[in-house]
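# Survey of secondary and tertiary structure
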Number of protein chains: 2
Amino acid sequence: MPPVTPPSSTAAAAQPADRAASQDAFTRLMGLVSEDLEAVNRLIAERMASEHAPRIPEVTRHLVEAGGKRLRPILTLASARMAGYDGHDHVKLAATVEFIHTATLLHDDVVDESEKRRGRPTANLLWDNKSSVLVGDYLFARSFQLMIEAGSLRVLDILANASAVIAEGEVLQLATANDLGTGEAAYLQMIHGKTAALFAAATEVGGVIAGAPEAQVQALKTYGTALGMAFQIVDDVLDYGGASANLGKNTGDDFREGKVTLPVLLAVEAAPDEAARAFWKRVIEKRDQRDGDLAQALALMAQADALTGAETRARAYAAEAREALAAFPASPLRGALEGVVEFVVARLN
Amino acid sequence: MPPVTPPSSTAAAAQPADRAASQDAFTRLMGLVSEDLEAVNRLIAERMASEHAPRIPEVTRHLVEAGGKRLRPILTLASARMAGYDGHDHVKLAATVEFIHTATLLHDDVVDESEKRRGRPTANLLWDNKSSVLVGDYLFARSFQLMIEAGSLRVLDILANASAVIAEGEVLQLATANDLGTGEAAYLQMIHGKTAALFAAATEVGGVIAGAPEAQVQALKTYGTALGMAFQIVDDVLDYGGASANLGKNTGDDFREGKVTLPVLLAVEAAPDEAARAFWKRVIEKRDQRDGDLAQALALMAQADALTGAETRARAYAAEAREALAAFPASPLRGALEGVVEFVVARLN
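None of the values given here were measured: they were computed from a predicted structure.

Contacts between the two partners involve 39 residues from chain A and, on the opposite side, 39 residues from chain B. Carbon and sulfur atoms supply 76% of the area buried between chain A and chain B, which totals about 3,600 Å² over both sides. The set of elements that each furnish at least two residues to the side of chain A that touches chain B consists of α4 (55-64), α6 (89-111), α8 (129-149) and α9 (153-176) of chain A. Per element, the largest residue contribution to the side of chain A that touches chain B is 14 residues, and it comes from α9(A). The class makeup of the residues in the side of chain A that touches chain B is 20 nonpolar, nine polar and 10 charged.

Shown next, in the form of structure tokens:
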């Protein structure tokens, strides 16, 4: 089958905000919670210390200071403030969320045998897998200590449930890896666990700690879930360069690992003939890959409108996230949280 | 240096209870909490399930049903009942403690690259390291969900702190592995984290959930800590066959891994000459081991009374554990908990 050209990026053209404006929206949100965020950063530095095992802060610092966006803790801070919170425990919860995220990254890199994270060598490569496993465990335990300090059993429940769903999602990902029979429902289940569950917990606990009315708490949960789903689908689309074919240096990482993501699922569903089905079986299930296979995969995706289709789903989740915010009156914080939705999908442009 | 014969087992001769009688004591304790233990086993089976990821119960079942003694959850059940508890939440806490223990074993086997656990192939060997890491994470999260259900912030605090100390102890063990400069204080710190912290939490939460007076809660914590310290030192002595030289099939595992345990530290401290010091440096620090080295190590330990010295320390912790129980009136449960102390040290006989 000859390679075909990528589809025109109609979905991208329909996108209202451009990339620079969206980056501004995220910067605006950071600005609105900057004092709280400083407090979160101080708390993280304080709690990642260990009296007896200096290896712990070494490994943690490598990851925490690697310039992550702090998107999840910022969501907690902004959610709590938008819901009218004027105390300080949201800082603890935001640090909790970042610790859970960091612990997950440490264990992920061991499981995926990754060598790079945020452009730097991973901890499992700089130290060893053992350190990554054990320091991750330490951060999980520290996150529980922190959330207990906030003193709310409902908050504890939400974050403990999120931790269980995250781990379950990771095991599910392991079990469905390289399995083309996965299906879209299982994929959505998996990315809910892998990404959306922590986004949802991050925003929901903000509302709970603020004592917001139940409808607003549920709206924050919906916002976080939908934002997280959009975030992960966009990531999975970008791994194939996006519908507008921005081939970056990480293009094809998922492909090489034989990951069954939405673009692959949609392309397999719409495979035009037996040869295409055999191709996907070989490269994803058997992981038997040769020169030119990525180009062939991109061609089949283009033919199937797979990337555009995945983008459409991401934008639907983004719309759901924006709509959920209607439970709150208009305010600079609400505007900035709407802007973060744009920020997430504008990466496609 | 010629090999010398092992020392006569004077410490073992001073031991009051023999091995069979101590086994009876443990069976007696199990009998006293048998109904509660049944409930714990049912709860564990229920909570290790996963709707979406069947791999989770597969891996967990392999370990949970491998015939562990359930020592830690039994301690929680017995502590709560001895402190007068007549509710049901101690069952949740006992299951919590077993989940934390199981999660730790899964991660330990990855970190130690073990191939056998309780006489069976380890999960990391049967499945893979990835499954062990992620299923361990899932069990940690499940343990937090369970402890939250008991609804006591103080209990949460104790168990979250124990989890942090356990992880810190594991990292410490990693950082001091093969380092003869470790010192006895660092060794004690390490085994406190690795073993005693969970024993202590297991017994302390029993007292807290029962609403026992503070002096009794502290006594239970002391009992658990001292019992755990004795337990780990005995394990470390048995790895060299014990002072009475019961060379079993696992003898020398720690030696081959170059682990710096108490017998090694005491032998190094009392090394008679430069040749002995060079020997320990070669086999432990450089892990350059040859045929006959284990026999040579045993000879040096015998010469230094290292195993007897370690046993003496274990028996001192055992005595501390027994004495702590004096905070409670005599009862069949107290008698059985005293018997468990004998059970732990009688493994040396």
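There's plenty left to go through after this.
Residues of chain A with pLDDT of at least 70 account for 89%, and the chain-wide mean is 87. Under a pLDDT of 50 for its full length, residues 1-17 of chain A has, in the predicted model, 36 contacts with residues more than four places off or in other chains.

A word on the side chain of B:Arg142. Residue placement: B:Arg142 occurs in helix α8 (residues 129-149). Nearest to the buried, unbridged B:Arg142 among oppositely charged side chains is A:Glu168, at 6.9 Å.

All names here are of chain A. Between helix α5 (residues 71-82) and helix α10 (residues 183-209), the shortest axis-to-axis distance is 7 Å and the interhelical angle comes to 25°. When the interaxial angle is binned, α5 and α10 end up roughly parallel. The hand of the α5/α10 crossing is right-handed. Contacts from Leu71, Arg72, Leu75, Thr76, Ser79 and Ala80 of α5 reach α10 at Leu198, Phe199, Ala202, Thr203, Val205, Gly206 and Ile209.

Now for the relation of the copies chain A and chain B. For the pair chain A and chain B, the best superposition has an RMSD of 0.0 Å and corresponds to a rotation of 180° with a translation of 0.0 Å parallel to the axis. Considering both components of the superposition, the chain copies are consistent with a two-fold axis. Among all residues of chain A, the one whose C-alpha sits closest to the rotation axis is A:Val133, at a distance of 3.6 Å. Counting the interface residues of chain A, we find that 100% of their copies in chain B are interface residues as well, pointing to one common contact surface.

For any pair of aromatic rings, the description consists of the separation of the ring centres together with the inter-plane angle of the planes. In the structure shown here, the tally under the stated rule is nine aromatic pairs over all chains. A ring pair is formed by A:Phe199 and A:Phe231, whose centres lie 5.3 Å apart and whose planes are at 45°; its orientation type is tilted. Taken together, the residues span a long stretch of sequence, with A:Phe199 in helix α10 and A:Phe231 in helix α11 (residues 214-238) at a distance of 32 residues. The pair A:Phe199 / A:Phe231 is uniform in exposure class, with both members buried. Ring geometry for A:Tyr240 versus A:Phe255: centroids 6.4 Å apart, planes at 80°, classification edge-to-face. Linking A:Tyr240 in the loop between α11 and α12 (253-257) with A:Phe255 in helix α12, this pair joins segments that are 15 residues apart in sequence. Note on accessibility: A:Tyr240 and A:Phe255 belong to one class, buried. The ring of B:Phe231 has B:Arg72 lying over it, and the distance from NZ or CZ to the ring centre is 5.9 Å. If you follow B:Arg347 out to its NZ or CZ, it ends over the ring of B:Phe231, 4.5 Å from the centre.

The next subject is the nonpolar core. Ranked by size, the top nonpolar core spans 245 residues in total, and within it A:Tyr223, A:Trp280, B:Tyr223 and B:Trp280 carry the most contacts. Those residues in contact with A:Tyr223, other than ones at most four positions away along the chain, are A:Leu75, A:Thr203, A:Ala321, A:Ala324, A:Leu325, A:Leu337, A:Val340 and A:Val341.

So, about helix α3 (residues 34-47) of chain B. Residue and element names in this part refer to chain B. Across its 14 residues, α3 extends 20 Å between first and last C-alpha, which sits within 8% of the 20 Å expected from 1.5 Å per residue. All of the buried residues along α3 are Asp36, Leu37, Ala39, Val40, Leu43, Ile44 and Arg47. Buried positions in α3, seen along its axis, are confined to an arc of 155° and lie on one side of it. Set apart from the buried face of α3 by more than 90 degrees, the exposed residues are Glu35, Arg42 and Glu46.

Residue and element names in this part refer to chain A. In the Ramachandran plot, Arg287 falls in the positive-phi region, its phi being about 50° despite a non-glycine side chain. Turning to its location among the elements, Arg287 is positioned in the loop between α14 (274-285) and α15 (293-303). Owing to a relative accessible area of 44%, Arg287 belongs among the partly exposed residues under this scheme.

Next up on the list: the packing of helix α5 (residues 71-82) of chain B against helix α6 (residues 89-111) of chain B. Residue and element names in this part refer to chain B. Two elements in contact, α5 and α6, have axes whose closest approach is 8 Å; the angle formed by their N-to-C orientations is 155°. The angle between the axes of α5 and α6 places the two elements in the roughly antiparallel class. The crossing of α5 and α6 is right-handed. Across the interface between the two elements, Arg72, Pro73, Thr76, Leu77, Ala80 and Arg81 from α5 touch His90, Val91, Leu93, Ala94, Val97, Glu98 and His101 from α6. Its residues assigned to classes, the contact of α5 with α6 comprises seven nonpolar, three polar and three charged.

Conventions and cut-offs
- Residues numbered from 1 in each chain as written.
- Chains lettered and ligands numbered in written order.
- Predicted model: local features only at pLDDT ≥ 70, side-chain atom pairs only at ≥ 80, totals over all residues.
- Heavy atoms only, no water.
- Contact = heavy atoms within 4.5 Å.
- Buried area = accessible area lost by both parts, 1.4 Å probe.
- Helix = DSSP H or I, 4+ residues; strand = E, 2+ residues; numbered from the N terminus.
- Nonpolar A, V, L, I, M, F, W, Y, C, P; charged D, E, K, R; others polar.
- pLDDT = per-residue confidence, 0-100.
- Buried < 20%, exposed > 50% of the residue type's maximum accessible area, 1.4 Å probe, protein only.
- Lys, Arg positive; Asp, Glu negative; His and termini not counted.
- Salt bridge = Lys/Arg side-chain N within 4 Å of Asp/Glu carboxyl O.
- Axes fitted to C-alpha atoms, helices over the stretch in contact; angles between N-to-C directions.
- Parallel < 35°, antiparallel > 145°, perpendicular 65-115°, else oblique.
- Left-handed = near helix turned anticlockwise from the far one by under 90°.
- Least-squares fit on C-alpha atoms with pLDDT ≥ 70 in both.
- Phe/Tyr/Trp six-rings, centres within 6.5 Å; stacked < 30°, edge-to-face > 60°.
- Lys NZ or Arg CZ within 6 Å of the ring centre and 35° of its normal.
- Core = buried A, V, L, I, M, F, W, Y, C linked by side-chain atoms within 4.5 Å.
- Expected span 1.5 Å × (residues − 1).
- Arc of directions from axis to C-beta.

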